[in-house]
Amino acid sequence: MEKEFDRIELAKSVALLWNPLTDEQRQLFAENISVRSLRRDEKLYSEGVVPTHLFYLLRGKVTIAREGLGGLRQIIRMVEPGAIFGYAAAIDGGNYRSTAVAGSDTEVLQMPISLLFHFIWENSAFAMLFLKEFSSLLGLSVERTMTLTQKHIRGRLADSLLQMRVKYGVEEDGRTLAVYLSRDDLAQMSNMTTSNAIRTLSAFAQEGLVAIKGRKIMFLNIDELRLISERG
């Protein structure tokens, strides 16, 4: 569902995309953006579909996943507010190779892919922004591959929890993860079965590393979690 908004003020608030543009391009940007609201578990785009927009997460959570062998769902990326996504397939010239789903009540800004290409072709500073984004995502992909293939279960789960803390932060108490994760999400992020994720998270709680209240996770010993992640 799209919603009404002050185009200029919203466009200015998206500094990542706004700052590299010229005055003329900023006007085009403000005229062509829209805001889409999604409910939890609502799809933003689906695997196999032709990309039509670049997305910027304003608030909420978006999970990008891909269906693997046997229909198993593998989380590729958890998008945090302030991040751009959904454009790589368009630049590559293909269809989406993953599916993006809202993990909570979510709002995304969307910009037509045609305008993205227009800015890239006309503005070298804007094009450089996306070179940096691709480089960053490639680095994160390499790190994630190393984590999922070389670390044991405890190291993988500790790594996933720490990543979520960096991406989404904590609540006012300074300890509780500011996003609710299902055990399935944690398992998929950590490349393990849900039962293993539940057992390992329970072990972390028994060791005083985290506290669990339903879907809320509170960090009690960050240093030890980091050691577990580093040791693998």
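Conventions and cut-offs
- Residues numbered from 1 in each chain as written.
- Predicted model: local features only at pLDDT ≥ 70, side-chain atom pairs only at ≥ 80, totals over all residues.
- Heavy atoms only, no water.
- Helix = DSSP H or I, 4+ residues; strand = E, 2+ residues; numbered from the N terminus.
- Rg over C-alpha atoms; globule rule 2.2 N^0.38 Å.
- Contact = heavy atoms within 4.5 Å.
- Lys, Arg positive; Asp, Glu negative; His and termini not counted.
- Charge placed at Lys NZ, Arg CZ, Asp CG, Glu CD.
- Buried < 20%, exposed > 50% of the residue type's maximum accessible area, 1.4 Å probe, protein only.
- Arc of directions from axis to C-beta.
- Pairing = 2+ DSSP bridges.
- Axes fitted to C-alpha atoms, helices over the stretch in contact; angles between N-to-C directions.
- Parallel < 35°, antiparallel > 145°, perpendicular 65-115°, else oblique.

(A) Examining the overall build of the protein chain more closely. For the protein chain, the count of helices and strands is 10 helices and 11 strands. Relative to the compact-globule value of 17 Å for 232 residues, the protein chain shows a C-alpha radius of gyration of 19 Å, a close match. Its C-alpha atoms give the protein chain principal-axis dimensions of roughly 60 × 40 × 30 Å. In the protein chain, once contacts between residues fewer than 6 apart in sequence are set aside, the share between residues at least 24 apart is 71%. Distance between charge centres in the protein chain, computed from 29 positive and 28 negative side chains, equals 7 Å.

(B) Representation of the environment of Leu225 in the model. By the element assignment, Leu225 lies in helix 10 (residues 222-231). Along the sequence, Leu225 and Gly169 sit 56 residues apart, while their C-alpha atoms lie 16 Å from each other.

(C) Structural view of helix 10. Regarding helix 10, the residues found buried are Ile222, Leu225, Ile228 and Ser229. The buried side chains of helix 10 occupy one side of the element, clustering within an arc of 120° when seen end-on. Exposed side chains of helix 10 directed beyond 90 degrees from the buried face belong to Asp223, Glu230 and Arg231.

(D) Seen up close, the sheet that holds strand 6 (residues 73-79). Taken together, four strands build an open sheet; the order of strands is 3-8-5-6 and the sheet is antiparallel. Unpaired on one side and paired on the other, strand 3 (43-45) and strand 6 mark the two borders of the sheet. Across the sheet, the mean angle separating the axes of adjacent strands is 30° when strand polarity is ignored. In this sheet, strand 8 (residues 99-102) lies alongside strand 5 (residues 62-67) in antiparallel orientation, the contact comprising four bridges. Following the sheet pairing, Thr63 is matched in strand 8 by Val101.

(E) Highlighting helix 3 (residues 23-32). Within helix 3, burial applies to Gln25, Arg26, Phe29 and Ala30. Angular distribution of buried residues about the axis of helix 3 spans 140°; they occupy a single face of the element.

(F) Broad picture of the packing of helix 3 against helix 5 (residues 113-122). It is the contact of helix 3 with helix 5, at a shortest axis distance of 11 Å, that shows an interaxial angle of 170°. Here helix 5 runs roughly antiparallel to helix 3, going by the angle between their axes. In contact with Gln25, Leu28, Phe29 and Asn32 of helix 3, helix 5 contributes Leu115, His118, Phe119 and Glu122.

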